[in-house]
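A look at the structure
This is what each chain is made of:
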Amino acid sequence: MKTQLSRRNFLKAGGIAGIAIKVSLLPAVTQAELIETPPRPGADWLAGGKPKYRLDAIAKVTGGKTFTRDYRARDLEGWPKEQAHAFMLHATRVDRVFDGVDLSLLGDELKPDRLVLQEDLIADGVAMPAPWPGFYGDVFFVPKGQTARLLGQPVAMLIYHDFARYDAAKRKLRFNNKVVRYGVEGPSTTPGPYGAARYVRIDGGNPDAEDRYSALKDTTIRAGFKGTEPQWPAAGDGDAMARGMAAAAEIEREIANAGDDVLVLRRSYSTQSADASAMEADNGNVWYERGTGVLHALIATQSPHEVAEMAAQMLAKSKFPLGSIDLRIGYTVGYGTKDHALFPFFCVLAGLYCEGRPVRLANDRYEQFQTALKRHAFQMEKVMVIDRKTGKFRAMTGRYQNDGGGRENFSVSVGTVGATAAQSIYYLPKSDFSAAILSSRAVDAGSMRGYGTLQTMAATEMMVDEAAEALGLDPMEFRKRNALKSGMKNSQGAIPSGALRHDEILAKAEKHPLWVNRQRRKAEFETANPGKKYGVGYGHVHKDYGTGAEAALCALEFDASGRLKLSHVAHEIGTGATTSQAVMAAAILGKQPDETVFGKVRWPQMPLETTDEPYTLSQEEEDKRMANPRWTPSFTSPMSASNSVYYLGHATREAARILVDLTIWPAARSLWSRGIGGGQIAPEAVRREDLRVSNGGITAAAMQPLPFAEVAAEAHRLGLVTGITVHSFNRWQWAEAEFELPGTGRRRFPIDALALKYGDGAPAERKALMTEGGWHFVERAAVSYPPAQRNNAGVTYYAPMATLAEIVVDTGSGEVSLLSHHSILECGNQIVPDLVSGQIQGGLAMGIGHALKEYLPLYEDGPGDGTWNWNRYELPTSGDVAVWKQTAEVLPPLSDTDPPKGMAEVVMIAVVPAIVNGVAHAIGKRFYTLPLTPERIREALA
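A few points on the structure. Because the structure is predicted, anything quoted here is derived from the model rather than measured. (Residues numbered from 1 in each chain as written. Predicted model: local features only at pLDDT ≥ 70, side-chain atom pairs only at ≥ 80, totals over all residues. Heavy atoms only, no water.)

1. Focus on the layout of surface pockets
- What the second largest pocket holds in volume is close to 860 Å³.
- Around the second largest pocket, the lining comprises 29 residues; the ones closest to its centre are Met 584, Ala 587, Ile 588, Arg 657 and Asp 896.
- Sorting the residues of the lining of the second largest pocket by element identifies α15 (577-589), α17 (644-672) and β25 (691-694) as the ones contributing at least two each.
- Per-element accounting of the lining of the second largest pocket gives the leading share, six residues, to α17.
- Residues that form the lining of the second largest pocket fall into these classes: 14 nonpolar, eight polar and seven charged. (1 Å grid on protein atoms, 1.4 Å probe; cavity = no way out; pocket = protein on both sides within 12 Å on 5 of 7 lines; lining within 4 Å. Points joined across faces, edges and corners; volume = space filled by probe spheres on them. Helix = DSSP H or I, 4+ residues; strand = E, 2+ residues; numbered from the N terminus. Nonpolar A, V, L, I, M, F, W, Y, C, P; charged D, E, K, R; others polar.)

Printed below as a string of structure tokens:
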């Protein structure tokens, strides 16, 4: 079968972490925000500009309720106190049709109060949520008479009105292979391959010249499938794809005809399926009020806006009337796996069928392994072509396949992101990277920290070390000759943002004692420890952050007493995002927020319209739509892709800066101008750029420091702007817009929508403008969106990380142990250094687990059978990660104006190739499959 994929359908599937949802589906009174976790920070929380603790810290360390999983109906204001519970039964076979469930084991006493099957959903008109066709699959539960689409797919939901019967029934049914009945052998219902993309680039003879061909200049090449093989377009001089295939053929001919003056290195790599093992398993609590149609929900998610949108879509044509959605969000953690996951919609189903009672659906750890999104297993074929004389790359190619399991989810995006990242930190004059994203009967894989780049860049870094050895070059020297420099293009033909500082990192790593003394230390250690081999390895990567369609909203407002409120779409998933947003606002305003609202979904002051197709809209369509001053390519982003500090933080920073420009500065000038002869400011030439704010007050050019409260009171007296809401959009560069502001004139800001509140003293005609939820939505006068072609840039924002790993191999057992490791990160200006440190430590532990321990079989003996838990899945512990011997440093920013960089993903990647390269240094054997288990080590040493 050959599957044809149109440009629109492919981009819908493969836009970098994109999703198409319609804001218009939300009922008008829908709301969502993060549950507040008292106590609020004290007045001295930001003394000296540094937070004393995370906003969520006190509740967490004192055992307060913070995570969604902590709450029951009785904890939620306005909810009934009686709590119902639900669990699901799952298919562990895909070769035979589902023939129903046998609950006779339960007897009459433990029969569920409600049994929900796929046939019930069909009869009641409940639809599968569809950000686009296929993303979540075609059915919630396996229909009777059909085979399961994937191992572990739910077949039924059992709902109990009390906990005791629920718990007893669940225990009786667990691991019982006779409860789910199977009939005759049936045809596979696993979907076909999900997509394929190819990124080809040939430069113009040097890094500065215009590319002869690239994705950004020309196009990304797409393909349908014949079986599991991509069917690429024919090469030729016709359209952009044909020309791209001609460029690819040119690279292949160069490799085939390579002479003795080049090294051609071919290697195959594979990486495993892995579980995120987030301590909070998927869960939700839903109460559907039948009389009012209000859907109350508390759900663990990284994407609350999408949950609300898709819940509305599910019920749009059902028998369940939907009046509004009241979505609460607790703190959560998911490492990407709670972003656009299907589980929240199973929670909604439970609520619909629980007869008006609140019902809790919460995975235990067996269920989490069985159903939660996994990290994709990758198969990789890589070729490097290197000039022997110069030690520089001439070309590199990569063929990548990832296994997405039985539901598509973000698999295409993960595959394409992995392909675009495969160049790692190196400049490649010619490159050809393709991704084929396949389906299977495995548990579905989706967004998970590393997002394809962990797999492809780790393999590149392993291969770079091997190439350096083959060339007789020091690995650091080889890297220095090839590292990307500022202004050079990536493999899509885009120039990365700002200064690239790989040379600085390499210089530091090369001089580090671990590297300088590695040979002497190896000899000494092995002499003193017979049977053990010592090695030091290095890995150096950079990871993109963001999705290419990042949108955010932030509001800052204050009353006449100076009480400041911050509202934001960001919510807490463990990174400290809520803390950092508050710190960013305070750094610009000189005042910490007194009140914060996070995870906010409903923004009545922003009556924006969107098709939410930022990856698929043609330039012509976008040009037409942006003539509407209320249109935006995307309404808001989930918490993912390391997007909080840079992208979501951009909205915070811009709101604060606009507030300073429009309010703080004129109000302060007014106060300094009081008195005879123009006051204290008259003798000085005080400029806007002289303004300084801090916790000590607001000052400029020796003016009297003013408390924020005094400036706020003056702003309200003058009727100035006292509230700012901004909407921002980024497609690998920022949208900018111009606004006609009352009393101020036309201003241009790096945002695309703006709403204002005016102070108490504003004239009546200005206050009359505040018609959108008490705000004045200012329709923009002009807007500049990044061109649609910029989608093909793949990425432009990177954060680099390098790691030196000191390891020991026990030649008897095959065990690999870390003695120490040192990392070097560059992430611009750190907002909260302690949070950066925490991310480094946690990310390194994840990377060590991926390199040495974590592994899931894909199919029948894998987690889909429901028997996997941490007794079988090995995670690293403190003893495995050199917890007391790890060090890290962060490069200082180039200036105090450097923006912060998203770095929560990159910190896990470099340690993986560092360990593998360290093992090669220790025992002289190279490995191409992860994890490096003791069995593989022993086999290599045999």
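2. Looking at unusual backbone geometry
- Of note, the amide linkage connecting Leu 930 to Pro 931 takes the cis form, showing an omega dihedral of 0°.
- Residue placement: Pro 931 occurs in the loop between α21 (911-923) and α22 (934-941).
- Notably, Ala 882 is not glycine yet its phi reads approximately 50°, a positive angle.
- Mapped onto the secondary structure, Ala 882 falls in the loop between α20 (833-852) and β35 (886-890).

3. A look at the sheet that holds strand β28 (residues 736-741)
- With antiparallel pairing, three strands are arranged side by side in an open sheet as β29-β28-β32. The strands lining the two open edges of the sheet, one partner per strand, are β29 (745-749) and β32 (782-784). Geometrically, the sheet is characterised by an average inter-axis angle of 20° between neighbouring strands, direction not taken into account.
- The pairing of β28 with β32 spans three bridges and is antiparallel. Pairing of Glu 736 across the sheet is with Ser 784, part of β32. (Pairing = 2+ DSSP bridges. Axes fitted to C-alpha atoms, helices over the stretch in contact; angles between N-to-C directions.)

4. Digging into the packing of aromatic side chains
- Taken as a whole and judged by the stated rule, the model has 34 aromatic pairs.
- A ring pair is formed by Tyr 400 and Phe 433, whose centres lie 6.4 Å apart and whose planes are at 45°; its orientation type is tilted. Of this pair, Tyr 400 sits in strand β19 (residues 393-403) while Phe 433 sits in strand β20 (residues 430-438), and the two are 33 residues apart along the sequence.
- Cluster of aromatic residues (ring-pair linked, three or more members): Trp 132, Phe 135, Tyr 136, Phe 345, Phe 410 and Tyr 451.
- Note that Lys 60 overlies the ring of Tyr 331, its terminal NZ or CZ placed 5.4 Å from the centroid. (Phe/Tyr/Trp six-rings, centres within 6.5 Å; stacked < 30°, edge-to-face > 60°. Lys NZ or Arg CZ within 6 Å of the ring centre and 35° of its normal.)

5. Focus: the sheet that holds β35
- Strand order across the open sheet formed by four strands is β21-β33-β34-β35, with mixed pairing between neighbours. Only two strands of the sheet have a single partner each, and these edge strands are β21 (532-544) and β35. For this sheet, the mean inter-axis angle between neighbouring strands, taken without regard to orientation, is 15°.
- Judged from the five bridges that link them, strand β34 (residues 816-825) and β35 form a sheet pairing that is parallel. Paired with Leu 825 across the strands is Val 890, a residue of β35.
- Across the sheet, helix α14 (residues 518-528) is in contact with β21, β33 (798-810) and β34; its angle to β21 comes to roughly 145°. (Contact = heavy atoms within 4.5 Å.)

6. Overview of the environment of Gln 519
- Relative to the helices and strands, Gln 519 is located in helix α14.
- Residues Gln 519 and His 921, 402 residues apart in the sequence, show an inter-C-alpha distance of 9.4 Å.
- For Gln 519, the side chain forms a polar contact with the side chain of His 921, separated by 2.8 Å. (Polar contact = N/O pair within 3.5 Å; in protein donor to acceptor, adjacent residues only side chain to side chain.)

7. With respect to the nonpolar core
- Ranked by internal contacts, the top residues of the largest apolar core, which has 234 residues, are Phe 140, Met 157, Leu 349, Leu 352, Trp 672, Ile 724 and Leu 754.
- Considering every element that reaches this core, the biggest residue donor is α17, with 17 residues.
- Discounting residues that sit within four places of it in the chain, Leu 349 has contacts with Leu 121, Val 126, Phe 140, Phe 141, Met 157 and Met 314.
- With 21 residues, the next largest nonpolar core counts Leu 89, Phe 98, Leu 151 and Val 179 among its residues. (Core = buried A, V, L, I, M, F, W, Y, C linked by side-chain atoms within 4.5 Å. Buried < 20%, exposed > 50% of the residue type's maximum accessible area, 1.4 Å probe, protein only.)

8. What about the packing of helix α10 (residues 453-471) against α21?
- It is at 8 Å that the axes of α10 and α21 come closest, and there the two elements cross at 35°. α10 and α21 meet at a crossing whose hand is right-handed. Contact residues: Leu 454, Ala 458, Glu 461, Met 462 and Asp 465 in α10; Val 912, Pro 913, Val 916 and Asn 917 in α21.
- Across the contact of α10 with α21, the residue classes break down as six nonpolar, one polar and two charged. (Left-handed = near helix turned anticlockwise from the far one by under 90°.)

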